[in-house]
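# Survey of secondary and tertiary structure
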Amino acid sequence: MDPVPWMEKLNDAQKEAVQATEGYVRVIAGAGSGKTRVLTYRLAYLVTVLGILPENILSVTFTNKAAGEMRRRIRDLLGENSAALVNTFHGFCVTILREEIHHLFYPNRFLILDVEDQKALLRELYGEMGISARDFSYSEILHEISSRKSNGLYVATVCDPAFQAGPPPSGGEVPDKRAAIFSGYLAKQRKLYALDFDDLIQFVLHLFLTVPEVLAKWQERIQYLQVDEFQDVSSRDYELACLLSGKYGNLFVVGDPDQTIYSWRGANIRYINEFDREFPNVRTIVLDRNYRSSPSILSVSNSLIRHNVNRIEKQLVPVRQSVFRVLHHHARTAKEEGWWIARKILSLREQFGLEFSDFAVLYRANYVSRVIEEAFVRNKVPYTLYNGTEFYSRAEIKDCLSYLRLLAFHDDLSFLRVVNLPSRGIGKTRIAFLKEYAAKNGTTLFEAFRRNGSDRIFARTGASEFLDAIAEGERLVDHVPVSDLLDFLLKKTGYEAELLAGGDDDRKNNVAELKESIDDFEKDAGEPTTLADYLSRIALFTDLSRRERGDSVKLMTIHAAKGLEFPYVFVCAMNEGIFPSQRSRDRRDIEEERRIAYVAFTRAEDGLFLTDAEGINFDGSPRVPSRFLLNIDAELYDHDGRIDPALWNVTRQYEKVTDWDETPEAEAPEAIGVKSRVRHPVFGNGTVLGVSPDRRFFTVKFDAIPLPKNISSDFRGLTLAEE
DNA sequence: ATTTTCGAGATTTTT
DNA sequence: TCTCGAAAAT
């Protein structure tokens with residue numbers, strides 16, 4: 001008695017979820033339990049069985065990859081015009097802002113800043129303030145800006161028409177330099193009318209809370225809201241979902257608390273765990289049948305995740321038959337580890353008639369990929385590197401996009417990037433001249449340049465050639481596709497000539513790949529795309545990074561692999577300090593690392609291989625196998641290669657520091673000062689070389705380790721040594 | 001005044 | 001291994 005034939009493919013719990021369209025519904029969906037299928041079928045059910053209009057339905061996720069996959073599937077079920085009902089949080093915010101941002105005294109054309117842009121903006125600011133990047137590292141400051149922004153109040157400041165975008169306070173002793181950097185950053189972003197990733201959501205929330213008719217309009221539109229990966233929502237995402245679904249009260253959330261791996265970005269497991277206490281009459285559906293992984297892989301995963309204390313017990317039940325037992329390989333060097341993986345892939349492929357694309361290699365941190373790549377090159381294993389942000393932050397890609405952005409926005413950020421690229425003899429001094437003119441006349445740098453391009457200051461430079469190219473490009477903007485526009489610009493500005501002259505094939509390929517991706521984008525959109533359209537979308541595409549080339553092994557971080565599945569998975573560099581990361585300092589951090597491992601393991605369908613290698617860490621300490629290997633019941637997996645029991649002992653030492661419930665009562669950190677002799681549970685005895693100005697950490701030279709290490713002053717394990 | 005070179009420092013995860 | 005900033009060279 002199913003209303004639609006495809007419902008036959010679903011089990012009872014999945015069917016129940018698909019048909020639970022009204023009210024507040026929470027689905028706890030274990031890895032590989034057919035979550036995506038439920039989400040897509042539910043959309044199809046709403047449209048075909050209930051007759052709901054697609055524009056009244058919205059399905060949101062976090063990544064473009066997941067949204068793209070959903071769009072593809074829903075298109076297969078419902079046809080072309082259904083794509084719009086799937087979006088990412090950020091993409092949907094852009095949609096809202098393009099219609100509504102004028103309420104906030106921002107123009108409808110706003111610029112979206114990615115991390116590289118943010119850094120460029122900071123670099124400018126530092127120059128004006130006379131600050132060095134050594135004292136205030138970009139990433140640290142960006143993190144702080146992000147957390148300062150999370151209180152939401154700044155939006156009102158930035159949008160205030162009276163907000164002065166003047167130069168930040170400089171010279172003299174500013175009591176709080178970080179506060180000054182923050183306000184300087186806000187001033188700069190306002191001047192550019194730019195929004196960074198945090199702003200996209202913050203501005204929408206601010207709009208909803210201050211302009212009631214905007215909220216009412218979107219609440220009316222979104223009659224059915226479903227949210228994927230709900231375990232990863234932050235307080236802002238949560239607030240947005242609640243507001244949007246506030247009128248009709250149809251909110252359907254899906255997630256798996258065991259797969260929370262974005263805490264560092266504000267994800268809070270609380271929102272899924274306490275969902276039933278927040279809303280009335282919540283229906284909870286549990287999907288615990290696993291269709292993806294073989295029983296061996298599943299029991300290893302279950303065995304691992306059981307070590308997390310803060311967790312709701314849930315056992316995944318396998319549906320499939322086992323193919324291989326999970327295998328661990330311990331290598332003597334990182335190089336050998338890479339070679340073992342390459343060799344294993346070649347032999348499995350030979351033996352079972354597999355494709356290279358059946359294999360994925362996952363790792364905790366991007367830098368691990370280098371060794372693997374090298375081994376793959378040597379063994380002629382074709383691979384595709386999915387390196388998150390890296391593709392779009394490649395210099396040549398940013399260059400190309402900056403040229404396009406300069407045409408669309410005339411903004412200072414893009415201008416500064418491309419004006420001397422290739423080198424036209426326009427350096428610090430001439431830029432300073434432009435800045436002065438721009439400040440005096442209230443124009444953009446580009447306008448200043450256009451007015452003064454023939455001034456004698458710019459004699460003997462390529463100024464006129466550059467201005468001609470841009471002017472001609474502007475005439476073309478509305479008449480040719482974006483891809484042709486880029487082609488034109490690169491030729492006319494001499495960028496392409498310079499690129500071809502250099503022997504760097506990677507850079508050439510990257511530019512070629514960008515052109516292809518623009519082509520794809522235009523075909524995908526169906527209708528002619530405007531430049532502004534393209535630019536506002538591309539800013540969010542950080543993970544579309546690289547198209548798979550031919551039949552090849554996929555290399556990516558575990559975070560990037562979330563939501564994907566592969567027949568054969570290698571999880572490499574399973575060493576203390578890499579995985580779990582050296583940065584994890586307490587039990588909560590370790591539990592998140594363990595969830596990351598759990599996500600990695602549960603990506604595998606038929607085969608799972610875990611590898612680690614001995615060697616030296618950055619700080620000179622020796623590498624030992626990851627504690628997660630010890631977490632798995634020994635009889636559930638096999639070892640290939642012998643491990644010196646002494647290594648396991650060191651692993652246990654590490655484990656004691658962070659994994660035990662409470663570290664024993666220790667001396668108050670105040671007692672430790674410069675030249676104190678201290679004792680550390682893992683590194684042994686050492687001497688304190690220095691204390692950070694804010695007393696956040698001590699710099700300690702341990703006797704047994706060549707380089708000094710910074711130890712958090714909150715860390716209770718560091719005590720005065722009794723000698 | 002601009003470009004090149006060289007050395008030091010940094011390395012989680014990403015929308 | 002790669003990136004960034006300051007000094008040297010053109």
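The text that follows walks through the structure, step by step, so that each part is easy to find. (Residues numbered from 1 in each chain as written. Chains lettered and ligands numbered in written order. Predicted model: local features only at pLDDT ≥ 70, side-chain atom pairs only at ≥ 80, totals over all residues. Heavy atoms only, no water.)

Attention shifts here to the sheet that holds strand β12 (residues 359-363). A sheet is described by the order of its strands in space; here seven strands give the open sequence β13-β14-β12-β15-β16-β11-β17, paired in parallel fashion. Every other strand in the sheet has two partners, leaving β13 (383-386) and β17 (637-640) as the edge strands with one partner each. Between one strand axis and the next, the sheet turns through 20 degrees on average, direction left out of account. Direction of pairing for β12 relative to strand β15 (residues 566-571): parallel, over a ladder of four bridges. Paired with valine 361 across the strands is phenylalanine 570, a residue of β15. (Pairing = 2+ DSSP bridges. Helix = DSSP H or I, 4+ residues; strand = E, 2+ residues; numbered from the N terminus. Axes fitted to C-alpha atoms, helices over the stretch in contact; angles between N-to-C directions.)

The immediate surroundings of DNA strand C are formed by Arg123, Ala133, Tyr138 and Arg370. Within the side chain of tyrosine 138, an N or O atom sits 3.3 Å from a phosphate oxygen of DNA strand C. Here the residues of the surface near DNA strand C sort into two nonpolar, no polar and two charged. (Near = heavy atom within 4 Å. Polar contact = N/O pair within 3.5 Å; in protein donor to acceptor, adjacent residues only side chain to side chain. Nonpolar A, V, L, I, M, F, W, Y, C, P; charged D, E, K, R; others polar.)

Okay, the environment of valine 678 next. Of note, valine 678 is situated in strand β18 (residues 677-680). Each C-alpha atom, one on valine 678 and one on glutamate 722, is 8.1 Å from the other, the two residues being 44 residues apart in sequence. In contact with valine 678, not counting residues within four places along its chain, are Ile672, Gly684, Asn685, Gly686, Val688, Val700, Leu718, Thr719, Leu720 and Ala721. (Contact = heavy atoms within 4.5 Å.)

What follows deals with the nonpolar core. Soluble globular proteins tend to pack their nonpolar side chains together in the buried interior. Counting 74 residues, the largest nonpolar core has Leu122, Phe203, Phe208 and Val227 as its most contacted members. Among all residues touching phenylalanine 208, those that are not within four sequence positions of it are Ile96, Val214, Leu215, Trp218, Leu240, Leu243 and Leu244. Grouped together as the second largest cluster of nonpolar side chains are 41 residues, Leu406, Phe449, Leu490 and Leu499 included. (Core = buried A, V, L, I, M, F, W, Y, C linked by side-chain atoms within 4.5 Å. Buried < 20%, exposed > 50% of the residue type's maximum accessible area, 1.4 Å probe, protein only.)

Here the focus is helix α3 (residues 64-78). Turn by turn, an α-helix covers 3.6 residues, leaving residues three or four places apart pointing in a common direction. In a regular helix each residue adds 1.5 Å, so 15 residues correspond to 21 Å; α3 covers 20 Å between its end C-alpha atoms and thus fits that length. Residues Asn64, Ala67, Met70 and Ile74 constitute the buried set of α3. Angular distribution of buried residues about the axis of α3 spans 120 degrees; they occupy a single face of the element. Considering only its buried residues, α3 is in contact with α2 (35-48), β2 (57-61), β3 (86-88) and β6 (224-227). Looking one or two places after α3, you find glycine 79, whose phi comes out positive at around 95 degrees. (Expected span 1.5 Å × (residues − 1). Arc of directions from axis to C-beta.)

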